[in-house]
Protein chains: 2
Amino acid sequence: MDRRSQILTVAGHLFSQRGYHATSIRDLARALNLQGGSLYAHIASKEELLLEVVRQAAQKFQEVLEGLTGDPVAKLKALVRGHLRVIAEELPRATVFFHEWKHLSPPYLEEAKALRRRYEEGVRKVVEEGVEAGVFQVEDVRLATLFLLSALNWTYQWYRPDGPLSLEELSEAYAGMLLRALGAEGGQDGEA
Amino acid sequence: MDRRSQILTVAGHLFSQRGYHATSIRDLARALNLQGGSLYAHIASKEELLLEVVRQAAQKFQEVLEGLTGDPVAKLKALVRGHLRVIAEELPRATVFFHEWKHLSPPYLEEAKALRRRYEEGVRKVVEEGVEAGVFQVEDVRLATLFLLSALNWTYQWYRPDGPLSLEELSEAYAGMLLRALGAEGGQDGEA
DNA sequence: CCTACCGATCGGTAGG
DNA sequence: CCTACCGATCGGTAGG
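Bear in mind that the values here come from a model prediction, so they are computed numbers and not experimental data.

Rules used throughout
Residues numbered from 1 in each chain as written. Chains lettered and ligands numbered in written order. Predicted model: local features only at pLDDT ≥ 70, side-chain atom pairs only at ≥ 80, totals over all residues. Heavy atoms only, no water. Helix = DSSP H or I, 4+ residues; strand = E, 2+ residues; numbered from the N terminus. Buried < 20%, exposed > 50% of the residue type's maximum accessible area, 1.4 Å probe, protein only. Contact = heavy atoms within 4.5 Å. Buried area = accessible area lost by both parts, 1.4 Å probe. Salt bridge = Lys/Arg side-chain N within 4 Å of Asp/Glu carboxyl O. Polar contact = N/O pair within 3.5 Å; in protein donor to acceptor, adjacent residues only side chain to side chain. UniProt positions renumbered as here; feature names shortened; annotations may be inferred. Near = heavy atom within 4 Å. Nonpolar A, V, L, I, M, F, W, Y, C, P; charged D, E, K, R; others polar. Axes fitted to C-alpha atoms, helices over the stretch in contact; angles between N-to-C directions. Parallel < 35°, antiparallel > 145°, perpendicular 65-115°, else oblique. Left-handed = near helix turned anticlockwise from the far one by under 90°. Core = buried A, V, L, I, M, F, W, Y, C linked by side-chain atoms within 4.5 Å. Expected span 1.5 Å × (residues − 1).

Some remarks on the side chain of T23 of chain A
Residue position: T23 of chain A is located in the loop between α1 (3-18) and α2 (25-31). We classify T23 of chain A as buried; its relative accessible area is 1%.

Here you go:
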């Protein structure tokens, strides 16, 4: 891992834990055993660092969408599993993607919004496909997509990979509940 | 509304929009047509303001729990409706309750965590009651509660009271999807 | 990558 | 509630 990647990883950790504004360039430098000013040999600005972390997270989420195959139920299960896996494996970056992006200013802010929109569009298509195939029974595709994204996104707030719940267990349970919410039968019976 | 309440309301707006650390005491003073130092005639510290906003939001959410009556399905519907109503009516405070509380430091931080835990416990009891009554079919009450809270909490990120979706429509649709996710039949048929 | 520094701004206080 | 100020810290730069 080159110096630049190291810096981005540490920045992701600090931004996600303390927040972007509460993390100073000197905090970041200290965590890298550097002097404050030395960072600017590697980066252009603090804000550029934030954007780069957002880009990395967006890339991971986008890869999940690109790997989906099969019928709508299979796609939804893989989407849930993949989304939760990215959160588990890339918790700092995912957290920044979900939150700290708001602190970017206009030139960068637009890009972050576009990256998030692109992902949400991809999720919407999965829902839409299921509705068109008659597999999902929902009144409003947009609202069902927001519901799905809500359930998935908030997990970064409480899920910890080293906690009592394995990623497999979480994915299985969430996929089951979400499929039922979407009115799909797909092998789910709702019994314990 | 006395001066103190005005200050808290404006602080809630600014903290929720820009974030706690990105909001300076002088920003807040300017929004109130005051000089920076004058604020300290009314408040003890910036952090105390943040805690107070968190307390106000917690109070609103807690009132929702206390107003629940009837069978488990009725309680869950009222919980969904009430939770979303607080978000719609108190968006800035709710946003601070969901996020900015993390920037409190230990003496205050513990109180904020306790307030959040208390609410989540109340939500868990609603789920538990439904499971014990045999109305909800879920494998893991804790996980189902987190799922429910996830779907509800994230709405503050996208729902806007002046948007295309009325609070009634949102509540109805969310309650329906959540009841299905929890394996309840309760008058829901899943058809459009 | 370091030293030494820039102007700006931070939360907060004294004294009125 | 204002004026004037405190020390500390901010993001960033020059020169090496």
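Let's talk about the interface of chain A and chain B
Each partner contributes residues to the interface: chain A has 38 residues there, and chain B has 38 residues. Around 3,200 Å² of area is buried between chain A and chain B when both sides are counted, 65% of it from carbon and sulfur atoms. Seen at the junction of chain A and chain B, the total is zero salt bridges. Across the chain A-chain B interface, the total number found is 15 residue pairs in polar contact (both at pLDDT 80 or more). If you list the elements that add at least two residues to the side of chain A that touches chain B, you get α7 (141-153) and α8 (167-181) of chain A.

Quick notes on the environment of Q59 of chain B
Locating Q59 of chain B in the fold gives a position in helix α3 (residues 46-66). A C-alpha to C-alpha distance of 22 Å links Q59 of chain B and A44 of chain B, two positions 15 residues apart in sequence.

Details of the UniProt feature "domain: HTH tetR-type" (unreviewed entry) in chain A
When the UniProt feature table is mapped to this numbering, "domain: HTH tetR-type" (unreviewed entry) covers residues 1-61 of chain A. In residues 1-61 of chain A, helix accounts for 64% and strand for 0%; the two terminal C-alpha atoms are 21 Å from one another.

A short note on the protein's contact with DNA strand D
Around DNA strand D, the surrounding shell holds 15 residues, and the nearest of these are I25, R26, Y40 and K46 of chain A together with S38 of chain B. A share of 59% of the atoms of DNA strand D within 4 Å of the protein falls on sugar and phosphate groups. Within the side chain of S24 of chain A, an N or O atom sits 3.2 Å from a phosphate oxygen of DNA strand D. K46 of chain A is positioned with one of its side-chain polar atoms (N or O) 2.8 Å from a phosphate oxygen of DNA strand D.

Observations concerning the protein's contact with DNA strand C
Taken together, 15 residues surround DNA strand C, and among them S38 of chain A together with I25, R26, Y40 and K46 of chain B come closest. Each atom of DNA strand C within 4 Å of the protein was assigned to sugar, phosphate or base; sugar and phosphate come to 61%. Measuring from a phosphate oxygen of DNA strand C, one finds a side-chain N or O atom of S24 of chain B at 3.2 Å. Partitioned by chemical class, the residues of the surface near DNA strand C number four nonpolar, seven polar and four charged.

Points about the environment of S16 of chain B
Residue and element names in this part refer to chain B. Turning to its location among the elements, S16 is positioned in helix α1 (residues 3-18). Sequence spacing of S16 and L91 is 75 residues, and the spatial spacing of their C-alpha atoms is 8.3 Å. Setting aside residues no more than four positions away along its own chain, S16 makes contact with P92, T95 and V96.

Side note on the pattern of salt bridges
All names here are of chain A. Scanning the entire structure with this criterion turns up 30 salt bridges over all chains. For R124, the salt bridge goes to E128, with nearest N and O atoms at 3.1 Å. You can see R124 and its partner E128 sitting in helix α6 (residues 106-132), four residues apart, about one turn around the helix. Relative accessible area serves as the criterion here: at 22%, R124 is assigned to the partly exposed category.

Things to note about the packing of helix α3 (residues 46-66) of chain A against α6 of chain A
All names here are of chain A. Closest axis-to-axis distance for the α3/α6 pair is 10 Å, and the angle between their directions is 10°. Taken together, α3 and α6 sit at an angle that is classed as roughly parallel. For the pair α3 and α6, the sense of crossing is left-handed. Along the contact surface, α3 presents E47, E48, L51, V54, R55, A58, F61, Q62 and L65, while α6 presents Y108, E111, A112, L115, R118, Y119, G122 and V123. For the contact of α3 with α6, the per-class residue count stands at 10 nonpolar, two polar and five charged.

What to know about the nonpolar core
In terms of nonpolar packing, the biggest core is built from 140 residues, with Y174 of chain A together with Y174 of chain B touching the most fellow members. Beyond its immediate stretch of four places on either side in the chain, Y174 of chain B contacts L143, L146, F147 and S150 of chain A together with V80, L84, A151, L152, T155 and W158 of chain B.

Remarks on α3 of chain B
When the terminal C-alpha atoms of α3 of chain B are compared, their 31 Å separation across 21 residues agrees well with the 30 Å that a helix rising 1.5 Å per residue should span. The element α3 of chain B is extensively covered by neighbouring structure, given that 15 of its 21 residues are classed as buried.

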